[in-house]
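The lines below spell out each chain.
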Amino acid sequence: MRLMRSVLLLSLSVAAISPSSSNAQDLLRWKLNRGETLNYTVQQKMEMSVNVAGTDVTNTINQKMGMVWNISEIAASGDVIMNQVINRIQLRMENSQTGTAEFDTQDPTPPGNPLMKAMADTFGNIVGKEFTVTMKPTGKVDEVSIPKELLDAIRNSSAGVPGSLDTKPL
């Protein structure tokens, strides 16, 4: 359950802040327009290796998340207020000992693996739900407002822990 919750919170965090700023010599700035819609795909790959009782165990997690940014307002300061929606999540976990398990929120067939099924149920609850992000022109995120409906969907999923999610903006 902790793994599911960690992956879920990591996903929401990445969705809210990526892509952010640059390490370039010149300061880059976002130039977005009110009413503009941007489609993004965020892909994460994590590789972990551990030695358990003399046996090397390797885990690889690939997560791909499709999302949409709808630019609703540009403040006089240049801050961008946008509504973000995650519209698809694909997750593939490979373990050198237990094999491969995966899911895609667009696939109506539930995964056979119990962990993947619980994660698919959890992520299925956040897909299509809108949250609001305020971002500086540099890409720095100042505020993320997650509506009660989305927090309730997470709480009511397999990864939710009653009372563990706060409804205040992040």
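Treat the numbers as computed from the prediction; the structure is a model and nothing was measured. (Residues numbered from 1 in each chain as written. Predicted model: local features only at pLDDT ≥ 70, side-chain atom pairs only at ≥ 80, totals over all residues. Heavy atoms only, no water.)

A. Molecular detail of the layout of surface pockets. What the largest pocket holds in volume is close to 170 Å³. Lining of the largest pocket is provided by Glu102, Phe103, Asp104, Thr105, Asp107, Pro108, Thr109, Pro110, Pro111, Ala120, Asp121 and Gly124. Put simply, the parts of the chain that give the lining of the largest pocket at least two residues each are strand S4 (99-104) and helix H2 (114-126). Taken together, the residues of the lining of the largest pocket sort by class into five nonpolar, three polar and four charged. (1 Å grid on protein atoms, 1.4 Å probe; cavity = no way out; pocket = protein on both sides within 12 Å on 5 of 7 lines; lining within 4 Å. Points joined across faces, edges and corners; volume = space filled by probe spheres on them. Helix = DSSP H or I, 4+ residues; strand = E, 2+ residues; numbered from the N terminus. Nonpolar A, V, L, I, M, F, W, Y, C, P; charged D, E, K, R; others polar.)

B. Just the pairing of strand S1 (residues 37-52), in detail. Where S1 and strand S2 (residues 55-74) come together, 16 bridges link them in antiparallel fashion. Paired with glutamine 44 across the bridge in S2 is glutamine 63. (Pairing = 2+ DSSP bridges.)

C. Just the pairing of strand S5 (residues 130-135), in detail. Bridge analysis of strand S3 (residues 80-95) against S5 gives six bridges, and the strand direction is antiparallel. Bridged to valine 80 within S5 is methionine 135. Pairing geometry for S5 and strand S6 (residues 141-145), over four bridges, is antiparallel. When the bridges of S6 are listed, threonine 132 appears paired with serine 145. Hairpin connection, S5 to S6: the antiparallel pair is bridged by five residues, and glycine 139 has positive phi, about 105°.

D. Up close: the environment of glycine 112. With respect to the helices, strands and loops of the structure, glycine 112 is situated in the loop between S4 and H2. Assessed through its relative accessible area of 80%, glycine 112 is described here as exposed. Separated by 10 residues in sequence, glycine 112 and glutamate 102 have C-alpha atoms that sit 9.2 Å apart. (Buried < 20%, exposed > 50% of the residue type's maximum accessible area, 1.4 Å probe, protein only.)

E. Summary view of unusual backbone geometry. A positive phi is found at alanine 53, a non-glycine position, where the angle reads about 50°. With respect to the element layout, alanine 53 can be found in the loop between S1 and S2.

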